[in-house]
Amino acid sequence: MSEERLSFKEMCAKFDVTPRTLRYYEYIELLSPEKEGRTRWYTPREVARMTLILRGRRFGFSLEEIRQWLLLYDQKGTDAQMAALLDMADRQLAALKDQRAQLDTSIAELQALRDDVAAGRF
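First, a word on scope: everything that follows refers to the structure included in this document. (Residues numbered from 1 in each chain as written. Predicted model: local features only at pLDDT ≥ 70, side-chain atom pairs only at ≥ 80, totals over all residues. Heavy atoms only, no water.)

Digging into the packing of aromatic side chains
Our working definition: Aromatic rings from Phe, Tyr and Trp, with only the six-membered ring used for Trp, were paired whenever their centres fell within 6.5 Å, and each pair was classed as stacked if the ring planes differed by under 30 degrees, edge-to-face if by over 60, and tilted otherwise. Criterion for a charge above a ring: Arg CZ or Lys NZ at most 6 Å from the ring centre, at most 35 degrees from the ring normal.
According to the stated counting rule, one finds 1 aromatic pair in the structure shown. In this arrangement the basic side chain of Lys14 is found over the ring face of Phe15, its NZ or CZ atom lying 5.8 Å from the centre. In this structure, Arg58 is placed above the aromatic ring of Phe59, and the distance from its NZ or CZ to the ring centre is 4.9 Å.

Take a look at the structure:
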């Protein structure tokens with residue numbers, strides 16, 4: 001079984017995170033490694049959770065949203081967790097699309113200003 005578990009250092013290396021990040025995720029109860037004395041061991045469950053945490057962060061979800069979503073699996077099972085994911089994804093997609101529209105507007109305005117300055121029309 002030991003080959004299935006990762007040490008603290010191996011976990012940091014596998015996910016390219018700092019020790020501080022990994023300890024913080026434990027502190028806010030996103031991860032719960034097995035402990036043998038002062039040594040932490042990460043099981044396949046914790047590795048899967050870390051994958052989901054980092055994916056959620058990449059998509060812009062807050063750590064609290066991710067924590068609540070992960071808790072749903074333990075409390076209500078996969079169906080409730082997937083329903084919550086659909087709701088979270090819909091909200092985040094709307095927010096990202098709004099951000100993209102704002103960026104597109106800013107890019108167009110800056111491009112027009114740049115073009116005016118380059119043409120001597122300022």
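Points about the environment of Thr51
Inclusion rule: Working definition: helices are DSSP H or I runs of at least four residues, strands are E runs of at least two. Numbering for both runs from the N terminus. Only protein chains enter the accessibility calculation, which uses a 1.4 Å probe; a residue whose area is less than 20% of its type maximum is buried, one above 50% is exposed, and one in between is partly exposed.
Counting through the fold element by element, Thr51 comes out in helix 3 (residues 44-58). Assessed through its relative accessible area of 32%, Thr51 is described here as partly exposed. Separated by 57 residues in sequence, Thr51 and Ala108 place their C-alpha atoms 37 Å apart.

Things to note about the sheet that holds strand 1 (residues 6-7)
Put simply, the test is: By this definition, two strands are paired if DSSP reports at least two bridges between them.
Taken together, the 3 strands give an open sheet; going across it, the order is 1-3-2, and neighbouring strands pair in antiparallel fashion. Because the sheet does not close on itself, it has two edges, and the strands there are strand 1 and strand 2 (34-36). Across 3 bridges, the pairing between strand 2 and strand 3 (residues 39-42) is antiparallel. Residue pairing across strands places Glu34 opposite Trp41, the latter belonging to strand 3.

Here we look at the packing of helix 1 (residues 8-15) against helix 3
A pair of packed helices is characterised by two quantities: the angle between their axes and the separation of those axes. The following threshold applies: Here an angle of 0 to 180 degrees is reported between the N-to-C directions of two axes, which are lines fitted to C-alpha atoms, with helices fitted over the stretch in contact. Left-handed describes a crossing whose near helix is turned anticlockwise from the far helix through less than a right angle; right-handed describes the clockwise counterpart. Should any heavy atoms of two residues lie within 4.5 Å, those residues are considered in contact. Classes in brief: Ala, Val, Leu, Ile, Met, Phe, Trp, Tyr, Cys and Pro nonpolar; Asp, Glu, Lys and Arg charged; the others, Gly included, polar.
Contact geometry of helix 1 with helix 3 gives a least axis separation of 11 Å together with a crossing angle of 35°. Relative to helix 3, the crossing made by helix 1 is right-handed. Only Glu46, Val47, Met50, Thr51 and Leu54 of helix 3 make contact with helix 1, whose side of the interface consists of Met11, Lys14 and Phe15. Partitioned by chemical class, the residues of the contact of helix 1 with helix 3 number 5 nonpolar, 1 polar and 2 charged.

By themselves, these are just geometric observations and shouldn't be taken as functional.
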